[in-house]
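# Working through the structure, step by step
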Amino acid sequence: MFDNLLFQSAGDLLADDIVNDKLPGALLFSGPLSSGKLTCALELARILSCKKSPQGNWLCTCQSCLQHKSLLSTNVLLAGPRDCLPEILSASHTLLTAVSEGTPYIKASRYLLVRSIRKLTMRFSQILWQDDDRLSKIAAAVSSIDEYLEELDFPRELPDLADLGKICDEVAKLCQKLQSGFMYDSLPVIQVRNASAWAHLSVSNGKKVIIFENAEQMLDSVRNALLKILEEPPSDTIFILTTARRGAIIPTILSRVRTYSFQERTKEQQNEIISRVFHDDINEHAASSISDYLQTFLPVSPVEIKKVAHEFFTTIARSGIPDIQQIIKSCCNFDPRIILKIFLVELQTYPCRLLETAAGCEVAAECSDSLRNCWLNIVIYNQTPAAALEQLVRTLSKINAEHSRVFAAVISV
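So, here is what we can say about the structure in this document. Note that the coordinates shown come from a computational prediction; the quantities given were computed from them, not determined experimentally. Numbering of residues starts from 1 in every chain and runs along the sequence as written. Whole-chain, interface and lining totals are the exception, using all residues; otherwise, since this is a predicted model, local features are given only for residues with pLDDT of at least 70 and side-chain atom pairs are given and counted only at 80 or more. With hydrogens and water stripped out, all remaining heavy atoms of the structure feed into the side-chain values.

The way it works is that DSSP assigns letters per residue, a run of H or I at least four long becomes a helix, a run of E at least two long becomes a strand, and they are numbered from the N terminus. For Glu 346, the position within the fold is in helix H16 (residues 338-352). Contacts between residues were defined by any pair of non-hydrogen atoms, one from each residue, lying within 4.5 Å. Those residues in contact with Glu 346, other than ones at most four positions away along the chain, are Lys 306 and Ala 309.

A few words now on the packing of aromatic side chains. Each aromatic ring pair is characterised by the separation of its centres together with the angle its planes make. Pairing of aromatic rings covers Phe, Tyr and Trp, the last counted by its six-membered ring, and requires centre-to-centre distances within 6.5 Å; plane angles under 30 degrees mean stacked, over 60 mean edge-to-face, and any other angle means tilted. Tallying each qualifying case throughout the model produces nine aromatic pairs. Taken together, a centroid distance of 5.4 Å and an interplanar angle of 15 degrees make the contact between Trp 129 and Tyr 184 stacked. Placement of the pair is Trp 129 in helix H6 (residues 126-129) and Tyr 184 in the loop between helix H8 (161-182) and helix H9 (189-199), with a sequence separation of 55 residues. Exposure is judged per residue with a 1.4 Å probe applied to protein chains only, and the accessible area is read against the type maximum: over 50% gives exposed, under 20% gives buried, and values in between give partly exposed. The class of Trp 129 is buried, set by a relative accessible area of 2%. Using a relative accessible area of 32% as the deciding quantity, one classes Tyr 184 as partly exposed. Taken together, a centroid distance of 4.9 Å and an interplanar angle of 10 degrees make the contact between Phe 313 and Tyr 350 stacked. On the criterion of sequence distance, the pair formed by Phe 313 in helix H14 (residues 302-317) and Tyr 350 in helix H16 is long-range, its members being 37 residues apart. Judged on exposure class, the residue Phe 313 and its partner Tyr 350 are both buried. In this structure an aromatic cluster arises from ring pairing among Phe 29, Tyr 260 and Phe 262.

The subject of this paragraph is the layout of surface pockets. For the second largest pocket, the calculated volume is near 450 Å³. What lines the second largest pocket is a set of 20 residues, among which Leu 71, Thr 121, Met 122, Ser 125 and Val 142 lie closest to the centre. Of the grid points, spaced at 1 Å and generated over the protein atoms alone, those admitting a 1.4 Å probe that cannot get out make up cavities, while open sets with protein on both sides within 12 Å along at least five of seven lines make up pockets; any residue with an atom within 4 Å of a point is treated as lining. Grid points are joined across faces, edges and corners, and a volume is the space filled by probe spheres set on the points.

With the exception of glycine, most residues fall at negative phi, and the peptide bonds are largely trans. A cis amide bond, omega 0 degrees, links Ser 53 with the succeeding residue Pro 54. Tracing the sequence through the fold places Pro 54 in the loop between helix H2 (37-49) and helix H3 (63-69). The amide bond that connects Asp 335 to the next residue, Pro 336, takes the cis arrangement and shows omega of 10 degrees. Looking at the secondary structure, you find Pro 336 in the loop between helix H15 (324-330) and H16.

Looking now at the nonpolar core. Of all hydrophobic cores here, the largest spans 60 residues; its most connected members are Ile 117, Phe 124, Leu 152 and Phe 212. Top contributing element to this core by residue count: H8, with seven residues. Those residues in contact with Leu 152 that sit more than four places away from it in its chain are Leu 95, Arg 110, Leu 113, Val 114, Ile 117, Leu 158, Leu 164 and Ile 167. If you look at the next biggest cluster of nonpolar residues, it comprises 39 residues, including Leu 392, Val 393, Leu 396 and Ile 399. Buried Ala, Val, Leu, Ile, Met, Phe, Trp, Tyr and Cys residues that are joined via side-chain atoms within 4.5 Å together make up what is termed a nonpolar core.

Our next topic: empty space enclosed by the protein. Scanning the entire structure with this criterion turns up three cavities of 30 Å³ or more. Taken as a whole, the largest cavity spans an internal volume of roughly 80 Å³. Considering the residues around the largest cavity, the lining is formed by 13 residues, among which Gly 80, Trp 129, Met 183, Tyr 184 and Gln 191 are closest to the centre. Here the residues of the lining of the largest cavity are counted per class, giving nine nonpolar, three polar and one charged. Amino acids outside the nonpolar list (Ala, Val, Leu, Ile, Met, Phe, Trp, Tyr, Cys, Pro) and the charged list (Asp, Glu, Lys, Arg) are all regarded as polar, and Gly is one of them.

Another point: a nonpolar patch on the surface. Within the patch definition used here, like charges are joined within 9 Å and nonpolar side chains (Val, Leu, Ile, Met, Phe, Trp, Tyr) within 5 Å, considering only residues with over 30% relative accessible area and no salt bridge. Calculation of accessible area relied on Shrake-Rupley with a 1.4 Å probe; when residues are assessed, cover is drawn exclusively from the protein chains displayed. Salt bridge, as used here: a side-chain nitrogen of Lys or Arg that lies within 4 Å of a carboxyl oxygen of Asp or Glu. Judged by side-chain polarity, Leu 376, Ile 380 and Tyr 381 come together as a nonpolar surface patch covering roughly 280 Å² of accessible area. Along the polypeptide, Ile 380 turns up in the loop between helix H17 (358-379) and helix H18 (385-402).

Moving on to helix H4 (residues 85-101). Given the number of residues in a helix, its expected span is that number minus one, multiplied by 1.5 Å. With 17 residues, H4 extends 24 Å from end C-alpha to end C-alpha; this agrees with the ideal 24 Å at 1.5 Å per step. The complete set of buried residues in H4 reads Leu 85, Pro 86, Glu 87, Ile 88, Ser 90, Ala 91, Ser 92, Thr 94, Leu 95 and Ala 98. For H4, the elements touching its buried residues are helix H5 (106-121), helix H7 (135-152), H8, helix H12 (267-277), helix H13 (290-295) and H16.

See below:
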């Protein structure tokens, strides 16, 4: 069991619970980014529906396992915010490289790309989005992506390299449009209620599995709706929550789930995963982790994003006004959203340098609050990047005017 979950003891613990019939109805997978939590959740769903013995063999060819491996099983719901584009772009790169070089792993890389795309489209199930005013537009967008998936998926023969490259480009654009245009930054309460209604429907075989990613980002109304389900979960449904910050999960939810911890893998282990999955090398991309590696396939490199952030902060510290429009252009309008996160995280490094002094701590706290508000204004309150950054400039400029020496010390470090 869990053969595709590498370097994580959580898989062994789950396997023991399955064999001994001790698996609870609600689980929390807690661990850092790119530690295999979603991979494990999807694999657990497959194992619980496997029809052959021994149960859960990765090479099993029963109909249920084949559907789960292709992420086409009707027994799984996947919801919650996630930036899927870096994985899609890196999987696309892997497939194109495999085809151009005629490598033995073309089949595996083809499968990798299809799964990476469906990790996005699964989140737009009509079960979850029913009663949403945008459902028809979402369905049309997913349908367009599915048309390209038919060209990429088995058993159809792949087109030649030139046509394959065009298909990969087009499907990436459609996925970016779907993610940017429709994915919520925090799970809507209506989706939890829709998932709850679906959980109480009977199925002819197997276990139903509902996966809520990034549970720490849930708003109070969503947490309350989830609590109602977890208090009396249907016997044939397993709930899996994932989080990178277990401490942000409220105690009432923690009391209703069993936590399985995922550890930060060593750089060597992460490099081995990149080698086995993407047939690439972290070091060749100047990356130190799986997350860093995936980000190198963004439309603008993390190095360039950090450079723009440095110029932004330095300009303010020197009492200047950054060119917001140029910043937005350089960062591809902060689309996908992970570009914005990299930008703001880099900005956060400057006030963090001042935490050793009392005056520095006060300024650092004010700067951190302004950066947090910028993020919330965009992802929660739907403010445009231009408006949010202009507000951030005003706030940081005011802090600089009051603590110019402290700001000067930041950029001199």
